[in-house]
Amino acid sequence: MKNKTMAALATFVKAQWGKPMSEKVIADAELRWMELCRENECACKEKKVHYTTAIFPCISYYEALQKNGISQPDALTFLDESWRKQAEKSARWMKKILGILGLYKRYPAMFRWVAKRQFGTKAGFEADFYQTEQTCCKFDMRKCLFLDTCRTYGCPELTQCFCHTDDIKNKDLHPNLCWNRTQYMGNGGELCDFEICVKEPDQKR
């Protein structure tokens, strides 16, 4: 089975470790990824999207790295940095899009639409959305599939890799957009709070 996230992580592994080591890690990760997919083959399609594109690839490489002698802290750092690189690539693309003809003004509404569509209750999330203007999106995530799955497989600390990418993808997208977060469940917070708004004229610096 082809998987873009697994392929990207394999590239990062090859760049950091020699051929014998990287080949072993990649092989072990591929086997573990297939095991995880089989164990969860009855999951709904909404959850499978997150499982196959993010959660299971990271768990697979996290376990494979440690299996091949990489310490737990170093394996976590490697996944965090690899995921950051992927997020930075996505952010660069989005910055170009939002710079076109004031499209940034629509980003909060788009962010809300994506959050409700891809991170809803069917996908294993629970969130409280606040009534705001179209130029602002604000909600609190109280249940997270990423955290729950990582806990199930004994690696809740891995959730922070996914939490960090939210900031990377949204913090500096456009000078006229303001991104705010104060806590993450992946780092011990009671919830994950999200807020992105178009800045008012008097907010600009």
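This is a predicted model, so every value here is computed, not measured.

Visitor: Give me the state of the cysteines: which residues, what numbers.
Guide: Across all of its chains, the model carries one disulfide by this definition. The disulfide partner of Cys136 is Cys197, and the S-S distance across this bridge is 2.0 Å. Residue Cys136 is found in strand E2 (residues 136-143), and its partner Cys197 is found in strand E4 (residues 192-198); the two are separated by 61 residues along the sequence. Per residue, the accessibility class of Cys136 equals that of Cys197, and both read buried. The cysteine Cys44 is free of any disulfide, with Cys42 supplying the nearest cysteine sulfur at 11 Å. Judged by its relative accessible area of 29%, Cys44 falls in the partly exposed class. Distance from the sulfur of Cys178, which forms no disulfide, to the nearest cysteine sulfur (Cys197) is 6.8 Å. When its relative accessible area of 26% is taken as the criterion, Cys178 is described as partly exposed.

Calculation rules
- What you see as residue numbers is a count from 1 along each chain, following the sequence as written.
- The model is predicted, so local features are restricted to residues of pLDDT at least 70 and side-chain atom pairs to those at 80 or more, both for listing and for counting; the totals for chains, interfaces and linings are taken over all residues.
- Values reported for side chains reflect all heavy atoms of the structure, with hydrogen atoms and water molecules removed beforehand.
- Here, two cysteine sulfur atoms that lie within 2.5 Å of each other are counted as a disulfide.
- Elements are defined by DSSP. Helices are runs of H or I of four residues or more, strands are runs of E of two residues or more, and each kind is numbered from the N terminus.
- Classification of residues uses two cut-offs on accessible area relative to the type maximum, computed with a 1.4 Å probe and protein chains only: under 20% is buried, over 50% is exposed, and between them is partly exposed.

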